[in-house]
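Here is how the chains run, residue by residue.
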Amino acid sequence: MSDDLVDLYQDIILDHNRRPRNSRKIHTATHQSEGINPLCGDEVTIYLDLLDERITDISFQGQGCAISQASASLMTEMLKGLDLDETRQHSKILHDLLNSEEDAQDALLKYGNLAALSGVRKFPARVKCATLAWHALEAALRGKDSISTEEEL
Amino acid sequence: MNFDVETVRRDFPILSTLVRGKQLCYLDNAASTQKPQVVIDRLRDFYSTENANINRGIHHLGELATDAYHGARRTVADFINAFSEKEVIFTAGTTESINLVASSWGRTHLKKGDEILLTGMEHHANIVPWQIVAEQTGALIKVIPVNESSEIDTEAFDSLIGERTRVLAICQVSNSLGTLNPIKSIIAKAKAAGVTTLVDGAQGAPHLLADVQELGCDFYVFSGHKIYGPTGIGVLWGRAELLDSMPPYKGGGDMIQRVTFEKTTYKGIPQRFEAGTPNIGGAAGLASAITYVQQFDPEELRAHETDVLEYALAMLGDMQGLTSYTRASKRAGAVSFTLDGIHPHDIATILDREGVAIRAGNHCTQPLMQSMGVNATARASFAMYNTKDEVDQLVNAIKKAYDLFS
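Now for a description of the structure that goes with this document. (Residues numbered from 1 in each chain as written. Chains lettered and ligands numbered in written order. Predicted model: local features only at pLDDT ≥ 70, side-chain atom pairs only at ≥ 80, totals over all residues.)

## A short note on the packing of helix H3 (residues 66-79) of chain A against helix H6 (residues 127-141) of chain A
Residues and elements named next belong to chain A. Contact geometry for H3 and H6: axes closest at 6 Å, N-to-C directions at 45°. By the angle class used here, H3 and H6 are oblique. Viewed along their axes, H3 and H6 form a crossing whose handedness is right-handed. Across the interface between the two elements, Ile 67, Ser 68, Ser 71, Ala 72 and Met 75 from H3 touch Cys 129, Ala 130, Leu 132, Ala 133, Trp 134 and Leu 137 from H6. The class makeup of the residues in the contact of H3 with H6 is nine nonpolar, two polar and no charged. (Axes fitted to C-alpha atoms, helices over the stretch in contact; angles between N-to-C directions. Helix = DSSP H or I, 4+ residues; strand = E, 2+ residues; numbered from the N terminus. Parallel < 35°, antiparallel > 145°, perpendicular 65-115°, else oblique. Left-handed = near helix turned anticlockwise from the far one by under 90°. Contact = placed C-beta atoms within 7 Å. Nonpolar A, V, L, I, M, F, W, Y, C, P; charged D, E, K, R; others polar.)

## Quick look at helix H7 (residues 183-192) of chain B
Every α-helix winds through 3.6 residues per turn, so residues three or four apart in the chain are directed the same way. Residue and element names in this part refer to chain B. Within the sequence span of H7, burial applies to Ile 183, Ile 186, Ile 187 and Ala 190. Burial along H7 is one-sided: seen end-on, the buried residues are contained in an arc of 95°. Those residues of H7 that are exposed and aimed more than 90 degrees away from the buried face are Lys 184, Ser 185 and Ala 192. Two residues or fewer after H7 comes Gly 194, characterised by a positive phi angle close to 75°. (Buried ≥ 20, exposed ≤ 12 C-beta atoms within 10 Å, placed from the backbone. Arc of directions from axis to C-beta.)

## Some points on the interface of chain A and chain B
Of the residues lining the interface, 16 residues belong to chain A; the matching set on chain B comes to 13 residues. Of the residues contributing to the side of chain A that touches chain B, the split by class is ten nonpolar, four polar and two charged.

## Focus on H3(A)
Between the first and last C-alpha of H3(A) there are 20 Å, a value that for 14 residues agrees with the 20 Å anticipated at 1.5 Å per step. With respect to burial, H3(A) is a largely interior element, twelve of its 14 residues being buried. Every buried residue belonging to H3(A) is among Ala66(A), Ile67(A), Ser68(A), Gln69(A), Ala70(A), Ser71(A), Ala72(A), Ser73(A), Leu74(A), Met75(A), Thr76(A) and Leu79(A), and all of these are buried. Buried residues in H3(A) make contact with helix H2 (11-18), strand E2 (42-51), strand E3 (54-63), helix H4 (84-99) and H6 of chain A together with helix H12 (344-352) of chain B. Just downstream of H3(A), Gly81(A) is the residue with a positive phi angle, here 90°. (Expected span 1.5 Å × (residues − 1).)

Structural data, given as structure tokens:
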């Protein structure tokens, strides 16, 4: 098996794909948005409960590849309880992670579980899978109820 | 010429490519096929020695280019057994061909309440142009469902075709499922009901199934790049009397008889539908691709393709946790499948690392995917140069995907 593949499908990713965290609908969500990638059919809907600029609850539902589903699962796990500034910081971290050349080991120390997505860097066609949930999150925070990977935020 | 796959493979330079150290196993032919050396050479030669605009040929190169373009039309007409070469219109591809018919024929022949009959396995290119014209004319879209065996429901077809049905647009071979539709009998029924018929041959022509007189349809469309030719060139064939009755689709140079600011008169077919400078080099390249495939005995070529496809279906059918959606009794070109616990995109990524190129996703057939209750499948699609060894490479790569995800 190639090293690239082992980096891409790290145990954390496979685990979150198999047992997604916070995979449910929040019926009383204050914000929600559906992210779709029309090129491949991946869908992720993000539900948020926002109180005084703080995420009190966050969840997702969707279907798609291991990367898109694990990314959504990891995101909900990281962001619960954070305020909007911290949320934006995490969004930037993910962006940096997918664009920088840092090696996975360094990233792991710096970014925690999010670093599990660093293997996506070597698979340019799959970056959209990793960012889908984050796009949907941003759209939800802006009050947009859906977002496509084929449009600009 | 006898069909020998090893000889054929040597004609396609890209097939010897190594992908990250692994032998390329190209199984994405329903999306686009590779090109034999003769096609690559033809494009180079055209641009090296014959290139100019056509139909203005006072000069030497203009004559050569015009000859190449008109010669290509004759080659296509012969390939699809057209009644005459003026029935062959060059387009950018299948999508433009269908848009041309939907727009030009549709807007002049469809009225409010008329029905456009499609099937549940159509590519978006054979859905959306009809939706656009339906919206403009008030016509309605009706859909023949696809059954559990990946075949169109012929009983439903019998009940859907009615007094208001004006046009039936159907794929010859499904790009998603590999189903080979019973085009001849369907067209015969439609014809008996006075319905105009369009066959999307994008996946049929590459398997040398493009005899329009045999099929009996009114329009037949296909793309050059799926039949070993260049991208950006395709064909619309239509019966002369129908094309004659249709207004231009695009306006511009080359399609007019006389232009004044008060009134313009148009040329006859095919020029009326070929406004502007066409894809001359592409047409020459397509003609060389067709000449290339025509050198083989079509029965032998299809027998080889069937042999490889059936082997793939058997090998994949034996794999645990694999669901195949290629279930029709008559099929060609493709096998669509899913694996338990591994999403098709992940399969495609892992296979790519083994040199195996497949497609994953909805294959531009979202309504079909919805009706099958999946949002994506993996699809391996075959061309005349694929081999059973490559099927083995595919199967081994799928086993690695299982290993990684288990």
